[in-house]
2 protein chains.
Amino acid sequence: MQSVVLIGTGNVSHHLFEAFLDTSVQIIQVYGRNSTMLEKFGHRAKITTNIDEIIDADVYIVAVNDDAIKSISENLKHKYGLVVHTSGAISIAELKSKRKGVFYPLQSLTKDSKVDFSNNPICIEAGSDEDLKLLKKLALQVSNNVQEITSEQRKKLHLAAVFANNFTNHMFEIAQKLCESEKISFELLKPLIHETANKIRFLDPGQAQTGPAKRNDVLTMQRHLEELNDPMHKKIYQIISESIKRSREEKL
Amino acid sequence: MQSVVLIGTGNVSHHLFEAFLDTSVQIIQVYGRNSTMLEKFGHRAKITTNIDEIIDADVYIVAVNDDAIKSISENLKHKYGLVVHTSGAISIAELKSKRKGVFYPLQSLTKDSKVDFSNNPICIEAGSDEDLKLLKKLALQVSNNVQEITSEQRKKLHLAAVFANNFTNHMFEIAQKLCESEKISFELLKPLIHETANKIRFLDPGQAQTGPAKRNDVLTMQRHLEELNDPMHKKIYQIISESIKRSREEKL
């Protein structure tokens, strides 16, 4: 049985805590600075706001803001256990502990939304083969999709995820605003949104592309730009349409 | 039983033809200029490349490019049946027939991908109450989600669909390119993409938003911009991040 100390009380920590509950991994302690946030973990693990009171464990999962990873790992550098962070953007080299690794769940974790980790990739990396094995065993407890990824690849993957998730979600938000401006229910667009994600199961995004920019339908694009009142939305429309046209031309 | 003549041989026509096959609606003829495209319909309906040979029907569905709608409807103006177009962007007023309407399936139709219309909205509009009833009956044959929408609303909805579908799909394409540049499989991102679409079933896009722009994590955004080699992708990253930050500030 692996023992784990969770560092941090934010979204990632919260979801990992839940995910490990029904496994053979034991979360023996949670550390956080914010005692209100920390209390939520208190019914099933020890909790502490004092970093010097962190107990010994096989693995320390540092699920804190990117900026705090370095200093937290400084505090753990005399521990024997494996210290891993959960960030997509930070190199393994920023960890100051003796044994180090990365445990990056590639998923968008919001507090109000439950996550089934089982098919979500967990990207792992470690400073030694032995620790990689240990980490893989840990990750397989919550996911069937465990991937070895280098720090360089992870940086790019994290960036790609910003486009695929954050920016996509913002497109939904703009679409919602446009609907509301004409008192149309955003519900109307949901089947289209689901089909958009569904299509790329079996089509490349390049093949799945439709719309005025793909057809180079200049008249419709002009009409759309006139229809947009918000200068920021106009700019977004223009630059993405330009990029779609370029992709199309590259393929001709 | 309603009889329908389909005008046009593109994606919309193809998918509507398939969708009406198992219904009580009879597609009695398909018209198109391109005889190769037309042949595919020939095994189950009459076909013609001569617009003067279009036979009498209850409804004429004009599923052609936006630019061709006006002139096609000129050719149908002596018909007694109801003439409808399928475009999101064109007003009902552009139809030159006596009886007119709109039959707009709000879905992204690509040739290689089968569409189940049953839950997809079909947005209808007609010049008279009687024709609206007729059109509703027709639409209910293929979808449980039939919506009355004005031309003004439809224009906005079409624009919103460009953001929700076309632009979203392009975000996937950029993400794919970024993955490939580091030899990472795009498959890794697919669970995240499906979760992104799934989340808005029960969360508003504004609530579902995550990522560096939402957190105003300037350092990560800077690193991402350095990571992007393509100037067009840089511009897209900047403007969408700016727009996400603005949404966040509006909510504070």
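A short tour of the structure in this document, coming up. (Residues numbered from 1 in each chain as written. Chains lettered and ligands numbered in written order. Predicted model: local features only at pLDDT ≥ 70, side-chain atom pairs only at ≥ 80, totals over all residues. Heavy atoms only, no water.)

What to know about the packing of aromatic side chains
Tallied over the entire structure, the rule returns 10 aromatic pairs over all chains. When the centroid spacing of 6.4 Å and the interplanar angle of 35° are considered together, the rings of Phe20(A) and Phe103(A) count as tilted. Note that Phe20(A) is positioned in helix α1 (residues 11-20) and Phe103(A) in strand β6 (residues 100-105), a separation of 83 residues in sequence. Ring geometry for Phe17(B) against Phe41(B): centres 5.0 Å apart, planes inclined by 85°, an arrangement best described as edge-to-face. Note that Phe17(B) is positioned in helix α1 (residues 11-20) and Phe41(B) in the loop between α2 (35-39) and β3 (46-48), a separation of 24 residues in sequence. (Phe/Tyr/Trp six-rings, centres within 6.5 Å; stacked < 30°, edge-to-face > 60°. Helix = DSSP H or I, 4+ residues; strand = E, 2+ residues; numbered from the N terminus.)

Notes on the nonpolar core
Grouped together as the largest cluster of nonpolar side chains are 75 residues, with contacts concentrated most on Phe163(A), Leu189(A), Ile240(A), Phe163(B), Leu189(B), Tyr237(B) and Ile240(B). Residues within four places of Ile240(B) in sequence aside, it is in contact with Phe167(A), His170(A), Met171(A), Ile236(A), Ile240(A) and Met171(B). Counting residues in each nonpolar core, the second largest holds 28 residues, with Phe17(A), Phe20(A), Leu38(A) and Leu135(A) among its members. (Core = buried A, V, L, I, M, F, W, Y, C linked by side-chain atoms within 4.5 Å. Buried < 20%, exposed > 50% of the residue type's maximum accessible area, 1.4 Å probe, protein only. Contact = heavy atoms within 4.5 Å.)

Brief notes about the sheet that holds strand β5 (residues 82-85) of chain A
The strands that make up a sheet are held in pairs by hydrogen bonds between backbone atoms, and each pair lies either parallel or antiparallel. Residues and elements named next belong to chain A. The strand order β3-β2-β1-β4-β5-β6-β7-β8 describes an open sheet built from eight strands, whose pairing is mixed. Of all the strands in the sheet, just β3 (46-48) and β8 (146-148) have a single pairing partner and so form its edges. On average, each strand axis in the sheet is tilted by 25° relative to the strand beside it, whichever way the strands run. (Pairing = 2+ DSSP bridges. Axes fitted to C-alpha atoms, helices over the stretch in contact; angles between N-to-C directions.)

With respect to the sheet that holds β3(B)
All names here are of chain B. Spatially, the eight strands line up as an open sheet ordered β3-β2-β1-β4-β5-β6-β7-β8, and their pairing is mixed. With one partner strand each, in any of the chains shown, β3 and β8 (146-148) form the two edges of the open sheet. Across the sheet, the axes of successive neighbouring strands diverge by a mean angle of 25°, strand direction being ignored. Pairing analysis gives three bridges linking strand β7 (residues 122-126) to β8, with the strands arranged parallel. Each residue of the ladder has a partner; that of Cys-123, found in β8, is Gln-147.

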